[in-house]
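Structural features, examined
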Amino acid sequence: MAGSLNKVILIGNLGADPEMREMPDGTKMAKFSIATSEKYTNKNGEKVSNTEWHNIVLWRGIAEVAEKYLKKGDSVCVEGKLKTRSWDDENGVKKWATDIQGDSMTMLGSRRGDTDSGQSNSMASEPRMQENSMQNSENNSVEDLPFS
């Protein structure tokens with residue numbers, strides 16, 4: 001019997017600035033959504049664009065980097081896994097949501113003209129963060145991605 005794999009790789013743009021929370025034990029969490037778009041021409045020759053929104057959750061050091069560097073509109077690559085959660089709303093109805101729990105993040109650039117700190121828009125000072133190693137990647141080029 002084959003094993004299983006829960007792996008997600010998304011490249012998209014932030015829909016809003018990250019929302020930060022601190023857990024009672026001091027652990028930081030960042031939540032934000034990113035949009036991915038698919039463009040194609042349908043059988044009638046019409047150009048079609050579909051945008052999908054994805055909820056991203058980052059923890060600890062990666063969350064702190066997101067808080068410091070990411071803003072609405074920024075392009076980011078997030079790798080992680082799908083996590084489904086449930087809760088009861090105020091009427092007792094069970095609700096479900098599926099998030100991407102990010103294990104690593106690569107900042108791909110900004111749509112902003114300037115950054116508050118005066119850094120270049122490539123944000124190369126902290127291009128890639130990984131939950132396990134928390135080390136910067138040597139390669140932060142989009143051309144290095146295996147699916148581009």
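Residues numbered from 1 in each chain as written. Predicted model: local features only at pLDDT ≥ 70, side-chain atom pairs only at ≥ 80, totals over all residues. Heavy atoms only, no water.

1. Side note on the overall build of the protein chain
On a plain count of helices and strands, the protein chain comes out with 1 helix and 7 strands. Overall, the protein chain shows an N-to-C arrangement of helices and strands of β-β-β-β-α-β-β-β. Considering the protein chain as a whole, with its 148 residues, one finds that 34% of them fall into the buried category. Within the protein chain, contacts between residues separated by at least 24 positions form 55% of all contacts whose residues are at least 6 apart in sequence. Surface summary for the protein chain: the accessible area is close to 9600 Å², and the carbon and sulfur share equals 45%. (Helix = DSSP H or I, 4+ residues; strand = E, 2+ residues; numbered from the N terminus. Buried < 20%, exposed > 50% of the residue type's maximum accessible area, 1.4 Å probe, protein only. Contact = heavy atoms within 4.5 Å. Areas by Shrake-Rupley, 256 points an atom, 1.4 Å probe, with all protein chains shown as cover.)

2. Notes on unusual backbone geometry
Glycine aside, residues mostly have negative phi, and peptide bonds are mostly found in the trans state. With a phi angle near 55°, Arg-60 is a residue other than glycine that sits in the positive phi range. A relative accessible area of 46% places Arg-60 in the partly exposed class.

3. Considerations on the environment of Lys-7
Its location among the elements puts Lys-7 in the segment before strand E1 (8–14). Overall, the relative accessible area of 48% leaves Lys-7 in the partly exposed class. Residue contacts for Lys-7: discarding those within four places in its chain leaves Glu-79 and Gly-80. Of the polar contacts made by the side chain of Lys-7, one reaches the side chain of Glu-79; its length is 3.1 Å. (Polar contact = N/O pair within 3.5 Å; in protein donor to acceptor, adjacent residues only side chain to side chain.)

4. Remarks on the pairing of strand E6 (residues 94–109)
Where strand E4 (residues 47–59) and E6 come together, 2 bridges link them in parallel fashion. Residue pairing for E6: Val-57 is matched across the bridge by Gln-101. Note that strand E5 (residues 75–88) and E6 share 14 bridges and pair antiparallel. Residue pairing in the sheet places Cys-77 in a bridge with Thr-106 of E6. (Pairing = 2+ DSSP bridges.)

5. Remarks on the nonpolar core
Residues Phe-32, Ile-34, Ile-56, Leu-58, Ala-66, Leu-70 and Met-105 are the most contacted members of the largest nonpolar core, which totals 19 residues. Only E1, strand E3 (28–41), E4, helix H1 (60–69), E5 and E6 provide two or more residues apiece to this core. For this core, the element with the most residues is H1, which contributes 5 residues. Sequence-distant contacts of Leu-58, defined by excluding residues within four places in its chain, comprise Lys-28, Met-29, Ala-30, Phe-32, Ala-63, Ala-66, Gly-102 and Met-105. (Core = buried A, V, L, I, M, F, W, Y, C linked by side-chain atoms within 4.5 Å.)

6. Brief notes about the side chain of His-54
Among the structural elements, His-54 can be located in strand E4. Side chain to side chain, His-54 and Thr-36 meet in a polar contact 2.8 Å long. Ignoring any residue separated from it by four or fewer positions in sequence, one finds His-54 in contact with Leu-10, Phe-32, Ser-33, Ile-34, Thr-36 and Ile-100.

7. Digging into the pairing of strand E2 (residues 19–22)
As paired strands, E2 and E3 are joined by 4 bridges and run antiparallel to one another. Looking at the pairing, Glu-22 lines up with Lys-28 of E3. Between E2 and the antiparallel strand that follows it, E3, lie 5 residues; Gly-26 among them carries a positive phi value of about 95°.

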